[in-house]
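Letter by letter, the chains look like this.
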Amino acid sequence: MPACLMHRRTLQVCLLLTIALLFSRVPQWEHGSWILISVGAIIGPFSPLLTFRKSMLRALGTTAGLLLSAMLIATLSHLPWSIPILGVILAYGIAFTAQQDYRYFIMVITVTIALNFADMYVPFTPFEPWSFFSSRAMGVFIGIAVYVTLEWFVFGKREFIRWAKASNNDFEAKLATLIKQIDHLDASNPSLNQPLLAAVSQAQAAHAESVSNMTSGLDQAVFDRAKRLQRIAQRLQMSVYRVLCGSTRSGLNITIRARRIQALLNQQCT
Amino acid sequence: MSTCTTERWIDRVDPYGYARQAGLKVSYVAIIFFLVNAFWKAPTLAVLTMCVAGAGIVLIEMPSINTPKKKDVSYIVFTLLTIITVSIFRFFSYFTVLELVAIVGWSYVLYRLIAKDTEKAQVVAIAILIGFVSLEAPGATDFWQWVNQTAFYVQFAVIAFVAHKLFPNRYMRIVNNIMRQIWLLQQRQLTEPDKTSSTAMGTDFLKHLSALEQVKPLLTAQTREHLPALIQALWQYQHTIEAAARHADREAIEQILITHKALLKQMQAPTKATSPTDDDQKLVAANTLRQAWSHLCQLA
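Residues numbered from 1 in each chain as written. Chains lettered and ligands numbered in written order. Predicted model: local features only at pLDDT ≥ 70, side-chain atom pairs only at ≥ 80, totals over all residues. Heavy atoms only, no water.

A short note on the overall build of chain B
Logical step 1: Secondary structure assignment for chain B yields 12 helices and zero strands.
Logical step 2: Mapped from its N terminus to its C terminus, chain B presents α and β elements in the order α-α-α-α-α-α-α-α-α-α-α-α.
Logical step 3: Computed over its C-alpha atoms, the radius of gyration of chain B comes to 25 Å, more than 25% above the 19 Å expected for a compact globule of 300 residues.
Logical step 4: By residue count, 49% of the 300 residues in chain B fall in the buried class.
Logical step 5: Total accessible area on chain B is roughly 13500 Å²; 62% of this is exposed by carbon and sulfur atoms.
Logical step 6: A distance of 6 Å separates the average location of the 28 positive side-chain charges in chain B from that of its 22 negative side-chain charges. (Helix = DSSP H or I, 4+ residues; strand = E, 2+ residues; numbered from the N terminus. Rg over C-alpha atoms; globule rule 2.2 N^0.38 Å. Buried < 20%, exposed > 50% of the residue type's maximum accessible area, 1.4 Å probe, protein only. Areas by Shrake-Rupley, 256 points an atom, 1.4 Å probe, with all protein chains shown as cover. Lys, Arg positive; Asp, Glu negative; His and termini not counted. Charge placed at Lys NZ, Arg CZ, Asp CG, Glu CD.)

In structure tokens, the structure reads:
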């Protein structure tokens, strides 16, 4: 990513943190830190294309997590021996879901934090747990509201488009480098080409993930370009696959295939 | 490797087993933390101390951190960053304006110095997030108490690092899972040639091979040396599967499927594998793959 874009985003993140901090401290609210925690979790992926979707997933995950922790507290608050067992299960859950969908991760994190910060010892009066959970939920949703307001109305749609364009440019440059390397593909010893295969596959996966939340409504031209680049990458992979698998139906060698893909990419640039 | 011939829930959720591996390692570190906590009483919330020291373990089990050295360095750097962040946030939490300056200023410094790309920016964000979580815990009320808390984080971090170093190398299981994914893909190619496009098959096969390349540096030196033979055999076998899926009739495909299913069972018990010679190209490819896999499993 270009350095200027990274710097601009860093400043935006700092502004976001300042506003969230003011929201959490000025009202002198006991659980104000949850606004900060929410904003801190949402800004995780850094790119606005990913963080916006993350804020929605956080809302879902938090709601589910709070309901689950309420049930767990109601069931286990009188069984102190169950806490270490639950701790190990939650530790497994955090590490497992860290590599899965964000909403599940946030759900487990919410349960862990809610249960661990002395919540298991909350006296079980009819109102106390509910006020506790509602204040946590309020903190999270205020945090999401602060983020969405700033991201959508202050930083604006243009920021999303800038990041999508930069992501496309980045991927295009990577593809151009990889196409050049394909000329040196050794079909007689496929294991030698492993680093190249991994580079193509990872570059495609990274680009697909970075633009996965982009819709045609954002910018049709940028959206179409991202799709075309994905198709070129797929074609590149298939060319490599066919050569290494020995299933070249058309009989074209890899140099001709690489040139054709390069021409497609050049067409894309113009 | 599981001998189940159909795709299971876990094959979709965690195809290569990285999440299961991370879960197991973090649970193991958590048990050690609980035991240590029974003897050393933390000067702040015990769970916060465990979170500061243990978050790095979740991070280093990400597939992209794929060498032992990278794992060690990442853990040390990340944990130091987290400890410094938590200490700064806690230290200034009693001052109204200074807290704002310290939190925003430190976040800016971290992003500017470390976040050169989005991947590193994500790591910075986790350290800052743990700093925010620490604001929920009761803080130190004097300078020496603050030093005491910080020293305790370091103590737990050292324990977590030793636990990480003592954890057995289980990355051969990841290779096992990758082999299973390739096997399932090839089975799909044979049984549902109309439903699955050749492009999707090809790109999926390359994706699995790319995962194999990613895990390679984490395997033992002996296993690493013999991985090229396995890859060679995989390509050879894939060639026969591809040709059969395209040209063979129903009866021939049924025959290949029997060999293919037998291959999974033989890969499950690799040491028992024999090396019969056969003129049939499909059987030769299957045997070569079985032998390469047996050899690799014996070394692991």
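Focus on the environment of Pro190 of chain A
Logical step 1: Secondary-structure assignment places Pro190 of chain A in the loop between helix H7 (157-182) and helix H8 (194-210).
Logical step 2: Considering only alpha carbons, one finds Pro190 of chain A and Leu79 of chain A, 111 residues apart in sequence, at a separation of 58 Å.

A word on the interface of chain A and chain B
Logical step 1: Contact with chain A, which involves 59 residues of that partner, is made by 62 residues of chain B.
Logical step 2: Interface area, chain A with chain B, both sides summed: about 5200 Å², of which 70% is carbon and sulfur.
Logical step 3: Summed over the shared surface of chain A and chain B, the result is one salt bridge.
Logical step 4: Arg25 of chain A serves as the salt-bridge partner of Glu99 of chain B, at 2.9 Å between the closest nitrogen and oxygen.
Logical step 5: Along the contact surface separating chain A from chain B lie eight residue pairs in polar contact (both at pLDDT 80 or more).
Logical step 6: At the level of elements, helix H1 (3-25), helix H2 (33-42), helix H4 (82-97), helix H5 (102-116), H8 and helix H9 (220-245) of chain A are the ones that each hand at least two residues to the side of chain A that touches chain B. (Contact = heavy atoms within 4.5 Å. Buried area = accessible area lost by both parts, 1.4 Å probe. Salt bridge = Lys/Arg side-chain N within 4 Å of Asp/Glu carboxyl O. Polar contact = N/O pair within 3.5 Å; in protein donor to acceptor, adjacent residues only side chain to side chain.)

Let's talk about the nonpolar core
Logical step 1: Ranked by internal contacts, the top residues of the largest apolar core, which has 83 residues, are Met214 of chain A together with Phe33, Tyr111 and Phe132 of chain B.
Logical step 2: If you tally residues by element for this core, the top one is helix H3 (residues 46-60) of chain B, at nine residues.
Logical step 3: Counting residues in each nonpolar core, the second largest holds 63 residues, with Leu197 and Val243 of chain A together with Ile256 and Ala286 of chain B among its members. (Core = buried A, V, L, I, M, F, W, Y, C linked by side-chain atoms within 4.5 Å.)

Remarks on the domain arrangement of chain B
Residues and elements named next belong to chain B.
Logical step 1: Assigned domains within chain B: domain 1 (3-166) and domain 2 (171-299).
Logical step 2: For domain 1 and domain 2, the distance between their C-alpha centroids amounts to 39 Å.
Logical step 3: Between domain 1 and domain 2, the contact holds 21 residues from the first and 21 residues from the second.
Logical step 4: For the pairing of domain 1 and domain 2, the buried interface totals around 1700 Å² over both sides, and the portion due to carbon and sulfur atoms is 53%.
Logical step 5: For the pair domain 1 and domain 2, the number of links is one salt bridge.
Logical step 6: Run the count over domain 1 and domain 2 and you get eight residue pairs in polar contact (both at pLDDT 80 or more).
Logical step 7: When residues of the side of domain 1 that touches domain 2 are traced back to their parent elements, those giving at least two are helix H2 (18-39) and helix H4 (68-91).
Logical step 8: Tallying contributions element by element places H2 first for the side of domain 1 that touches domain 2, with three residues. (Domains from an automatic or database assignment.)

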